[in-house]
Number of protein chains: 2
Amino acid sequence: MTIAADWIAVDWGTSNMRAWALSADNKVLAHGESPKGMGQLSPSEFEPALLEVVEKWLDSERVTPVMACGMVGARQGWIEAEYAITPTPPVAARPTRAPVTDRRIAVFILPGVSQSAPPDVMRGEETQIAGYIASQGDNAVLCLPGTHSKWVDIADGRIARFRTAMTGEVFALLAEKSVLRHSVGTSEWSDDAFAAGVSAGLEAPDILTRLFSIRAASLLEGASPQVSRARLSGLLIGAELAGTSDFWRGNAVALVGASQLSALYQTALALAGVSAHRYDAQDMTLAGLCAARSTLEDTQ
Amino acid sequence: MTIAADWIAVDWGTSNMRAWALSADNKVLAHGESPKGMGQLSPSEFEPALLEVVEKWLDSERVTPVMACGMVGARQGWIEAEYAITPTPPVAARPTRAPVTDRRIAVFILPGVSQSAPPDVMRGEETQIAGYIASQGDNAVLCLPGTHSKWVDIADGRIARFRTAMTGEVFALLAEKSVLRHSVGTSEWSDDAFAAGVSAGLEAPDILTRLFSIRAASLLEGASPQVSRARLSGLLIGAELAGTSDFWRGNAVALVGASQLSALYQTALALAGVSAHRYDAQDMTLAGLCAARSTLEDTQ
C-alpha cells in the first residue's frame, strides 16, 4: 500500500533522524527513522539519507514539503539555518531552503535560537518549545532535560531567555570515562541515593570537590554500583537545579523530554519544593513542526 | 660504570614509574623511568617491570631496600597497602612488603591516607606531603594540583583533613571528549580569558550551567581556541577554589605540583587575594621517600 504524504516532518539530530508522513490535517500516516545523524554526514549525503526513509511517501506528480528541525541546520549540517535571537518566538524566521536535486521534495530547515548575553544557542529544542506553546499556552518555565538540558522562560509566546546545562554529557563522561567508572554501575538504581545526591548538589553546586567522594565511598564503605550511579546522577541534577533556581523558584515547571529522564527531574524538583508536569519530547517536536508548517502556508 | 645503590626510591603511579638510586646519605646517584604504570600491570608483572629499571643498581652480595609510593599500593596494584586514617602523619603506618622472587631486593610500599567523613582517599600525595613536612615544616595548607587535586590541612605534622577535586580529569574530559572539543584548542593561551574564567568560577561554581557558554561564545562571537581553552581552565580552577575556600581563605598556600600547573593555581589564588609558594612535586616525593626510609631504619 502506498502512502501519499501531504507533507513530511523531520527531526534530524546529531546521532539519528526521525521522519513522519502527515496528512493535510496533520494526522500521522506513517513513521520512519534512520541512524544517519548529522554527525556522520557531509552536506551532499543528507538528501540521499532523507530519501532512503521518505521516498516511499512521495507523489511523483507533486512537490511534497519537508519541514526539518535540529542539528541538520548547524554549520556542519546540510545547510546552515541562521539563529533567531532572543527575545523571539521559537519558530519566527523563515526556514532555510536546503539544496536538493530530486524535484519531488522541497526541504525547509527551521532556524535555531541564540542569546547574546550570556552567549547560548539551541537547535531543535526551539521546535519542541513551539509545540509546547501551540498545544499548552503562551507563558511557562520549561525544562528540556537531556545531553544539554535547556531551561527556558516563555513569556507571551516568546523565548525571553534560556540557559544550557551540560548535565547529561557530563554524567556520561564521568560515568563512562572518568575514574568514577570503576564505582558507577550501568544498571539498577537507588532512589535514596539519588535523593541524597540531589540534596547535596542543590546545597553546594561545587561538584568538582564532591564527585570524588563517590569513588571514595565505594572504596572505603563498599557503596554499591547502583548507589554510586544514582548518587552521581542526583548530584549533577541537583547542581543543575542550583544553577537554574532563577528559572524554577516559585514557578511550576513544564518538563519536555524522554519519560525516564523527565521523571528524575520531576523527583528532583519535588525535593526542591517545585511541582512539574511532563510532556513527551517527540509529541512536542511533532506539534512544533506542525505549527511551523502552518506558518509556512500562511506566508506562501 | 656500575652504581651500587644503598637503597632505591620509587614513585609508581597509574601511568608511569620513576626510580632513583640513592646513597646512604640520600644523594641521588642515578635516575630511571618506565612507561609501565600500575594501570597496565597485573600483580605478577610489577617485579619484572621494577627490575628492568633498577637491576643495574643492585649489588648481588646484599639486599637493597626499595621504598615505593603511589598507586602501586592500590587494590589493583602489586599488593594493597592499607590506608592510614586521618588525622594521621602522612607516612605513619609500617609499609607493606611486596612479594618478590629476586633475593637482591626487599620492596616496601607506603600506605595511602583515607578520611571517613566525608569519604576521601589519597595514594602518592601523602609521600609528597611527608616530603613537605620534612623539608618545610609542620603546619601548612597544601594544594597538590593535578588530575585529582588535593587540598590538605597540615597541623603539627599530621594530615588533619583533606579534600579531592577532580579538576584535572574533568578538564581533560571536557576539552577532549565533550562538545567543547570543537571550540577548545590544544595549544596557546590567553591570560585574560583565564583570569575571567577564574573570576566566573569563583563567583558561581555551578559549572554545569556555565560550561556551554564556551561553545556558544565560539559559535556566536568567534572566540578563539586559545581563549576557549584558557576560559575553560580558569572556570574549573575558579570553581575548585570556590569549593575549597575553607582551606585557603586567610592562609598562605603551599603548592606542590608540576611547575606549569602550579603557576596557574598561583595566578588563580592571587586573583582570590591569596599568596602561594611553589614546590616541585618530584622533589617533595623524593624527600618523602627519604623520610620514610629513615623511619623504616629507626624501627628495624
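Residues numbered from 1 in each chain as written. Chains lettered and ligands numbered in written order. Predicted model: local features only at pLDDT ≥ 70, side-chain atom pairs only at ≥ 80, totals over all residues. Heavy atoms only, no water.

- If you check an unreviewed UniProt entry, chain A appears there as 2-dehydro-3-deoxygalactonokinase from Pelagibacterium flavum.

**Focus: the overall build of chain A**
For step 1, the next point in the chain: Check the secondary structure of chain A and you find 9 helices and 14 strands.
For step 2, the next point in the chain: Its C-alpha atoms give chain A a radius of gyration of 21 Å, within 12% of the compact-globule value 19 Å for 300 residues.
For step 3, the next point in the chain: C-alpha atoms of chain A, sized along the principal axes, occupy 70 × 40 × 35 Å.
For step 4, the next point in the chain: Going through the 300 residues of chain A one by one, you find that 58% of them count as buried.
For step 5, the next point in the chain: For chain A, restricting intrachain contacts to residue pairs at least 6 apart in sequence, the fraction spanning at least 24 positions comes to 65%.
For step 6, the next point in the chain: In the form shown here, chain A has an accessible surface area of approximately 12,200 Å², with 48% of it arising from carbon and sulfur atoms. (Helix = DSSP H or I, 4+ residues; strand = E, 2+ residues; numbered from the N terminus. Rg over C-alpha atoms; globule rule 2.2 N^0.38 Å. Buried < 20%, exposed > 50% of the residue type's maximum accessible area, 1.4 Å probe, protein only. Contact = heavy atoms within 4.5 Å. Areas by Shrake-Rupley, 256 points an atom, 1.4 Å probe, with all protein chains shown as cover.)

**Description of the nonpolar core**
For step 1, the next point in the chain: Formed by 46 residues in total, the largest nonpolar core has its most connected members in A:Leu174, A:Leu211, A:Leu232, B:Leu174, B:Leu211 and B:Leu232.
For step 2, the next point in the chain: Of all the secondary-structure elements, those providing two or more residues to this core are helix H3 (167-177), helix H5 (212-221) and helix H6 (225-242) of chain A together with helix H3 (167-177), helix H5 (212-221) and helix H6 (225-242) of chain B.
For step 3, the next point in the chain: Not counting residues up to four positions away in its chain, the partners in contact with B:Leu211 are A:Met166, A:Val170, B:Leu174, B:Leu180, B:Leu232, B:Leu235 and B:Leu236. (Core = buried A, V, L, I, M, F, W, Y, C linked by side-chain atoms within 4.5 Å.)

**Let's talk about the packing of aromatic side chains**
For step 1, the next point in the chain: Counting across every chain of the model gives 12 aromatic pairs over all chains.
For step 2, the next point in the chain: Judged by centre distance (6.1 Å) and plane angle (75 degrees), the rings of B:Trp12 and B:Trp78 are edge-to-face. Pair noted here: B:Trp12 is in strand E1 (residues 7-12) and B:Trp78 is in the loop between strand E4 (64-69) and strand E5 (84-85), with a separation of 66 residues, a long-range link.
For step 3, the next point in the chain: You can call B:Trp12 buried: its relative accessible area is 1%.
For step 4, the next point in the chain: The exposure class assigned to B:Trp78 is buried, which follows from its relative accessible area of 7%.
For step 5, the next point in the chain: Ring plane angle 15 degrees and centroid distance 5.7 Å describe the contact between B:Phe46 and B:Trp78, whose orientation is recorded as stacked. In this pair, B:Phe46 sits in helix H1 (residues 46-54) while B:Trp78 sits in the loop between E4 and E5, placing the two residues 32 residues apart along the sequence.
For step 6, the next point in the chain: In this structure an aromatic cluster arises from ring pairing among A:Trp12, A:Phe46 and A:Trp78. (Phe/Tyr/Trp six-rings, centres within 6.5 Å; stacked < 30°, edge-to-face > 60°.)

**Topic: the pattern of salt bridges**
Should the charged atoms of two oppositely charged side chains come close, the side chains can pair.
For step 1, the next point in the chain: On inspection of all chains with the given rule, the structure shows 22 salt bridges over all chains.
For step 2, the next point in the chain: When the shortest N-O distance is used, the salt bridge between B:Lys27 and B:Asp25 registers 3.8 Å.
For step 3, the next point in the chain: The exposure class of B:Asp25 is exposed, given its relative accessible area of 52%.
For step 4, the next point in the chain: Salt-bridge contacts for B:Arg104 lead to B:Glu55; the nearest nitrogen and oxygen are separated by 2.5 Å. Within this pair, whereas B:Arg104 is found in the loop between strand E6 (96-97) and strand E7 (105-109), its partner B:Glu55 is found in the loop between H1 and E4, the two being separated by 49 residues in sequence.
For step 5, the next point in the chain: Residue B:Glu55 is classed as partly exposed on the basis of its relative accessible area of 38%.
For step 6, the next point in the chain: A single salt-bridge network, built from bridges that share partners, covers A:Asp153, A:Arg161, A:Arg163 and A:Asp246. (Salt bridge = Lys/Arg side-chain N within 4 Å of Asp/Glu carboxyl O.)

**A word on the domain arrangement of chain A**
For step 1, the next point in the chain: Assigned domains of chain A: these are domain 1 (7-123) and domain 2 (165-280).
For step 2, the next point in the chain: Here domain 1 of chain A and domain 2 of chain A have C-alpha centroids that lie 33 Å from each other. (Domains from an automatic or database assignment.)

**Remarks on the sheet that holds strand E8 (residues 113-115) of chain A**
Whether parallel or antiparallel, the strands of a sheet pair through hydrogen bonds between backbone atoms.
For step 1, the next point in the chain: Strand order across the open sheet formed by 3 strands is E5-E8-E9 (chain A), with mixed pairing between neighbours. Each edge of the open sheet is held by one strand with a lone partner, namely strand E5 (84-85) and strand E9 (120-122) of chain A.
For step 2, the next point in the chain: Pairing of E5(A) with E8(A), which is carried by 2 bridges, proceeds in the parallel orientation. The residue of E8(A) that forms the bridge with A:Ala84 is A:Val113.
For step 3, the next point in the chain: Sheet contacts for H5(B): E8 and E9 of chain A; angle to E9(A), the most-contacted strand, approximately 85 degrees. (Pairing = 2+ DSSP bridges. Axes fitted to C-alpha atoms, helices over the stretch in contact; angles between N-to-C directions.)

**A closer look at the side chain of B:Ser190**
Residues and elements named next belong to chain B.
For step 1, the next point in the chain: Note on placement: Ser190 falls in the loop between H3 and helix H4 (191-203).
For step 2, the next point in the chain: In this structure Ser190 comes out as buried when scored by relative accessible area, which is 15%.
For step 3, the next point in the chain: Within the local environment of Ser190, its side chain forms a polar contact with the backbone nitrogen of Ala193, the two atoms lying 3.0 Å apart.
For step 4, the next point in the chain: Setting aside its immediate chain neighbours within four residues, Ser190 contacts Gln226, Val227 and Ala230. (Polar contact = N/O pair within 3.5 Å; in protein donor to acceptor, adjacent residues only side chain to side chain.)

**With respect to the interface of chain A and chain B**
For step 1, the next point in the chain: At the junction of the two partners, chain A supplies 43 residues and chain B supplies 43 residues.
For step 2, the next point in the chain: Between chain A and chain B, a total of about 3,400 Å² is buried, with carbon and sulfur atoms accounting for 74% of that surface.
For step 3, the next point in the chain: It is A:Met166, A:Leu208 and A:Phe212 in chain A that bury the most area against chain B; as a group they hold 22% of the surface buried on that side.
For step 4, the next point in the chain: At the junction of chain A with chain B, the criterion picks out 0 salt bridges.
For step 5, the next point in the chain: At the boundary of chain A and chain B, one finds 6 residue pairs in polar contact (both at pLDDT 80 or more).
For step 6, the next point in the chain: For the side of chain A that touches chain B, the element with the highest residue contribution is H5(A), accounting for 8 residues. (Buried area = accessible area lost by both parts, 1.4 Å probe.)

**Some details on the environment of B:Ile133**
Residue and element names in this part refer to chain B.
For step 1, the next point in the chain: Relative to the helices and strands, Ile133 is located in helix H2 (residues 125-136).
For step 2, the next point in the chain: The buried category is assigned to Ile133, whose relative accessible area is 14%.
For step 3, the next point in the chain: Sequence-wise, Ile133 and Pro89 are 44 residues apart; in three dimensions their C-alpha atoms are separated by 9.5 Å.
For step 4, the next point in the chain: Those residues in contact with Ile133 that lie beyond four places of it in its chain are Pro90, Asp138, Ile154 and Gly157.

**What about the environment of A:Glu188?**
All names here are of chain A.
For step 1, the next point in the chain: Take Glu188: it is sitting in the loop between H3 and helix H4 (191-203).
For step 2, the next point in the chain: You can call Glu188 exposed: its relative accessible area is 56%.
For step 3, the next point in the chain: If we skip the residues at most four places from it in the chain, Glu188 touches Gln226 and Arg229.

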